[in-house]
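Fold and geometry: a report
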Amino acid sequence: MPAQKSTATSLFTAIAGTLGFSAAAGVLVTVMVAPAIAVTGITATNTVGIFNSLPEYIELDPGSQQNTIAVRNPAQPDAAAADAYVQVATIYKQNREEKTLDEISDYLECAAIAGEDKRFYEHGGVDLPSLVRAAIGQVTNDEGAGGASTLSMQTVRNILQQQALNDDSITDERRKELIAEALDPTLDRKIKEMKLAIGLEKNYTKEEILQGYLNIAGFGGNTYGVQAAANQYFSVDAADVTIAQAASLLAIVQYPNLRDLSDPEHYAANQERRDVILTAMEDYDCITRAERDEALAIPVDENFVLPSPSSVGCRSASQGYGYVCDYALHVVDELEALGGTPEERQQAWDRGGYQLVLTINPILQDVAWNTVHQWAPSNETRFALGAVATSVEVGTGRILTMAQNKTFDDSLEPADPLTTNAVNLASDVAHGGSQGFQPGSTYKPYVLLAFLAAGHGLGESYNASVREVNQAEFADSCGPYYNAENVLQGPPWGGIYKFRNDSNESGSYNIIRGTAGSVNSVFIQMAKAVDQCDIRKLAESIGVRDAGGNELMTRPSCSIGGCENNVAPLTQAAAYAAIANQGIFCEPIMIAEVIDPAGDPQPGQTPECGQSLVSPGVANTAAHAMAAVMGGTGAASNPNDGTTYIGKTGTTDESVHTWMVGSSTRVSTAVWVGNITGKQAMRNVRVNGTSGGLLRHRIFRPIAQAIDAGYPGGAFPGPDPALLTGTLIEVPNLVGTTLEQANAALTIAELNFEHGGDVDSDLPVGQVAATDPGAGTGVPRGTTVRVFTSNGLSEPVPNVVGMSRAAAEAAITGAGFSVDAVCVDDEDLGNPLPPPAVDEVTSQDPPGGSMRNPASTTVTIRYYRPICP
């Protein structure tokens with residue numbers, strides 16, 4: 001820098017010291033407004049009065065700063081280390097990054113002073129010679145006389161603009177008025193600017209003012225400050241600009257709309273002003289003549305301007321973080337570290353300088369993003385293929401992954417509409433997401449929870465052959481629901497609901513087997529056994545909500561995911577995490593920490609966890625049943641790495657949407673693959689050589705394996721024994737009834753009927769002779785009772801104990817039975833005293849009086865002899 005920088009004698013200070021502040025001010029103002037005085041007749045005394053009525057002080061305001069979004073560096077455990085965080089996005093209301101003078105090139109300082117205010121280090125905020133020259137120029141219409149605004153005055157002007165731009169308490173109309181007042185070349189504005197510039201000089205050093213100017217000056221569009229400008233136009237830091245670049249940047253500040261470097265049409269005007277500044281820099285002894293000439297020889301053209309790619313906003317986020325970034329922005333108003341109210345938090349965020357540290361695990365995020373894009377390519381042209389994978393930590397709600405097969409782009413005209421999307425398919429509308437998707441069978445666990453909470457058990461069974469139900473028979477204490485035309489939809493729900501089983505299952509299925517096979521008939525009947533409103537309440541208590549903000553419906557078809565309840569993948573992941581966490585639900589959170597503008601860490605989103613309406617016993621028992629899915633319909637997603645998983649698959653009608661949601665005791669993951677729009681049957685299309693219906697499994701499994709490597713899960717607690725069977729039902733006594741009567745009685749008792757065939761009995765042919773389990777036995781609902789009917793062939797076995805062998809054989813054969821005589825002696829009988837008579841029958845099998853078929857029954861008799869042969 002030149003010698004002038006060390007000369008800090010303030011001309012205005014000397015005048016003020018002699019004449020007094022107000023008098024000196026009056027002199028300066030009078031000179032400045034002389035042309036106006038000549039026209040209007042305003043006196044100098046009046047101008048002094050105007051001057052003295054204005055505020056004296058304005059604070060240097062750095063203006064709105066950049067915000068950043070980052071993730072923790074998994075390779076750096078020390079949070080205080082310089083590389084502890086990896087930045088993934090830059091967000092700002094204004095493109096600005098504060099720098100100290102030490103971080104700004106001397107060439108930029110020189111260009112600002114030489115080009116805008118050569119006597120910066122000599123005046124006290126208002127430059128008297130410039131005022132005089134400008135006043136004469138106004139009178140004589142001399143365009144070459146120059147302006148009177150010092151760097152201090154320009155800084156004041158910029159501060160006033162920034163105050164208007166950043167004041168969220170005013171209307172847009174008032175904001176425009178204030179900006180116009182700051183820029184309008186009127187007498188009142190100039191007087192105010194001068195007064196505030198003088199106050200600025202009284203309260204700040206020259207270096208502080210110069211630094212403030214370089215950080216607040218506008219450089220076109222939304223770019224403010226030399227750091228942002230140097231990066232935007234030349235892809236360098238403010239510390240590294242060349243002489244030519246420095247002059248070209250400062251050439252912008254007077255007329256950004258005409259001289260910025262965003263438009264090649266501005267290049268000529270920029271070069272013209274740049275060359276003036278280069279000469280001024282040489283005159284100011286900042287640079288040598290040779291340096292000036294070298295810079296002058298560089299044309300302002302496409303080879304000189306080296307703009308950096310846009311790095312602002314979520315669409316410029318690091319690969320895989322666009323939708324994560326967008327989700328984070330939607331929770332800014334929840335961050336208490338930014339203020340006490342949502343409005344205060346948004347204002348603080350707009351002011352900038354914050355860093356949001358995400359809960360996202362970057363290693364897992366990379367795996368999720370790569371896997372989703374591998375199996376669901378974004379450039380699929382046959383239909384609107386969408387895919388999402390998102391994971392939530394059990395017990396905290398921390399979102400660990402959020403990946404989508406599209407790239408985030410919220411511009412009005414996306415560069416590639418096929419591969420980009422502005423809608424976060426993982427989240428709901430409230431968080432910038434979609435209206436959600438039909439959940440299919442991934443909704444069934446909520447029916448299971450309500451079923452168990454009502455006291456039913458996993459051992460209960462239902463007939464999977466049922467294919468239709470009367471909806472009027474479903475209890476529902478919710479509602480009423482009306483459609484858009486205000487017509488009552490239900491409850492009560494009317495009409496016959498017909499459905500099918502995906503694999504055409506039939507016969508008796510207990511709850512575990514029905515869950516493993518995702519049998520619709522079983523779950524419809526389970527839903528019929530409970531209040532539909534209870535299903536909704538339990539689901540809502542673990543965070544299940546309609547993605548569009550609508551009320552969850554309770555129509556009977558909802559029990560198998562076939563109604564209007566559209567949910568987001570993140571919602572499903574969080575709900576399943578609650579089941580894995582013994583019914584404790586945690587709201588999903590994205591912000592782990594907030595680094596404030598001072599660089600100090602502040603709390604992010606605090607985990608909000610609490611016991612839901614799902615009791616630990618019910619949750620653990622449901623998990624027990626859902627573990628069977630990983631060997632059933634979810635087997636292809638099972639990581640098979642030693643970590644136990646619970647889960648549920650889902651496929652909607654015509655396989656428009658497919659799901660896999662699963663959880664270990666540590667992390668819950670939801671994968672959705674389907675149609676963003678349209679109704680392509682996923683099972684009828686192949687993508688990269690794989691059936692569309694299997695893509696969810698191809699995505700889920702490698703993500704789960706990566707998760708288990710970093711978050712190894714343990715064993716689930718196990719079911720509540722009381723809920724394995726539920727409330728037991730006593731088998732009725734059916735002996736003597738007909739098969740039809742027996743079937744009806746078992747149906748009323750909620751037990752299943754099976755004819756076991758004929759058995760020997762003396763009852764009339766066709767009457768029930770026995771059951772298995774027997775009458776009076778307690779069994780779970782839905783247990784199959786085998787019913788045996790009489791063949792009418794049984795006769796009573798004669799009672800021959802105490803008879804002689806000969807008499808006994810005669811009696812047995814006389815009744816039509818066969819006989820087998822076995823000798824027993826004293827040793828066999830334990831030497832009884834007194835001993836039985838020789839040849840006396842001591843026992844028989846079957847016993848006397850029992851009913852047996854003579855044609856097929858042999859009666860064994862045991863007779864006594866002291867010593868058997």
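**Notes on the overall build of the chain**
Counting secondary structure elements, the chain contains 29 helices and 32 strands. Looking at the 869 residues of the chain, the share that counts as buried comes to 51%. Surface summary for the chain: the accessible area is close to 36,100 Å², and the carbon and sulfur share equals 50%.

**Focus: the pairing of strand E5 (residues 399–404)**
For E5, a buried count of six out of six residues is recorded, marking the element as mostly surrounded by other parts of the structure. The pairing of strand E4 (residues 385–393) with E5 spans five bridges and is antiparallel. Within the sheet, the bridge partner assigned to Thr 390 lies in E5 and is Met 402. As consecutive antiparallel partners, E4 and E5 are separated by five residues, and within that stretch Gly 395 has a phi angle of approximately 95°, a positive value.

**Some remarks on the environment of Ala 706**
Tracing the chain through its elements places Ala 706 in helix H25 (residues 695–710). The exposure class assigned to Ala 706 is partly exposed, which follows from its relative accessible area of 23%. Residues Ala 706 and Val 367 lie 339 residues apart in sequence; the distance between their C-alpha atoms is 7.4 Å. When near neighbours in sequence (up to four residues on either side) are disregarded, Ala 706 contacts Leu 364 and Val 367.

**Section: the pattern of salt bridges**
With the rule as written, the count across this model stands at 25 salt bridges. With a closest N to O distance of 2.9 Å, Arg 274 and Asp 275 form a salt bridge. The class for Arg 274 is buried, based on a relative accessible area of 0%. Residues joined in a network through salt bridges with shared partners are Glu 282, Arg 289, Arg 292 and Asp 293.

**Remarks on a negative patch on the surface**
On the surface, Asp 333, Glu 334, Glu 336, Glu 343, Glu 344 and Glu 608 cluster together into a negatively charged patch. Relative to the helices and strands, Glu 344 is located in helix H17 (residues 342–351). Here Glu 344 falls in the partly exposed class, since its relative accessible area comes to 41%.

**Observations regarding the side chain of Asp 596**
By secondary structure assignment, the location of Asp 596 is in the loop between strand E15 (591–595) and strand E16 (601–603). For the buried residue Asp 596, which engages in no salt bridge, the nearest side chain bearing the opposite charge is Arg 351, 14 Å off. Within the structure, the side chain of Asp 596 is placed 2.9 Å from the backbone nitrogen of Ala 598, a separation counted as a polar contact. At a separation of 3.1 Å, a polar atom in the side chain of Asp 596 contacts the side chain of Gln 602.

**Remarks on the sheet that holds strand E30 (residues 841–845)**
Judged by pairing direction, the sheet is mixed, and its three strands sit side by side in the order E29-E32-E30 without closing on themselves. A strand with exactly one partner marks an edge of an open sheet, and here the two such strands are strand E29 (818–824) and E30. Strand-to-strand twist across the sheet, computed as the mean angle between neighbouring axes with direction ignored, equals 20°. As paired strands, E30 and strand E32 (residues 858–864) are joined by four bridges and run antiparallel to one another. Within the sheet, the bridge partner assigned to Gln 844 lies in E32 and is Ile 861.

**Here's the deal with the sheet that holds strand E19 (residues 657–663)**
An order of E5-E4-E20-E19-E18 is seen for the five strands of this open sheet, with the pairing classed as antiparallel. The sheet is open, and its two edges are formed by E5 and strand E18 (646–651), each paired on a single side. Strand-to-strand twist in this sheet, taken as the mean axis angle between neighbours without regard to direction, amounts to 5°. Those strands touched by helix H18 (residues 362–375) are E4 and E5, and its axis lies near 25° from that of E5.

Calculation rules
- Residues numbered from 1 in each chain as written.
- Predicted model: local features only at pLDDT ≥ 70, side-chain atom pairs only at ≥ 80, totals over all residues.
- Heavy atoms only, no water.
- Helix = DSSP H or I, 4+ residues; strand = E, 2+ residues; numbered from the N terminus.
- Buried < 20%, exposed > 50% of the residue type's maximum accessible area, 1.4 Å probe, protein only.
- Areas by Shrake-Rupley, 256 points an atom, 1.4 Å probe, with all protein chains shown as cover.
- Pairing = 2+ DSSP bridges.
- Contact = heavy atoms within 4.5 Å.
- Salt bridge = Lys/Arg side-chain N within 4 Å of Asp/Glu carboxyl O.
- Patch = residues over 30% accessible without salt bridge, like charges linked within 9 Å, V, L, I, M, F, W, Y side chains within 5 Å.
- Lys, Arg positive; Asp, Glu negative; His and termini not counted.
- Charge placed at Lys NZ, Arg CZ, Asp CG, Glu CD.
- Polar contact = N/O pair within 3.5 Å; in protein donor to acceptor, adjacent residues only side chain to side chain.
- Axes fitted to C-alpha atoms, helices over the stretch in contact; angles between N-to-C directions.

Interpretation in functional terms is not warranted from these geometric data alone.
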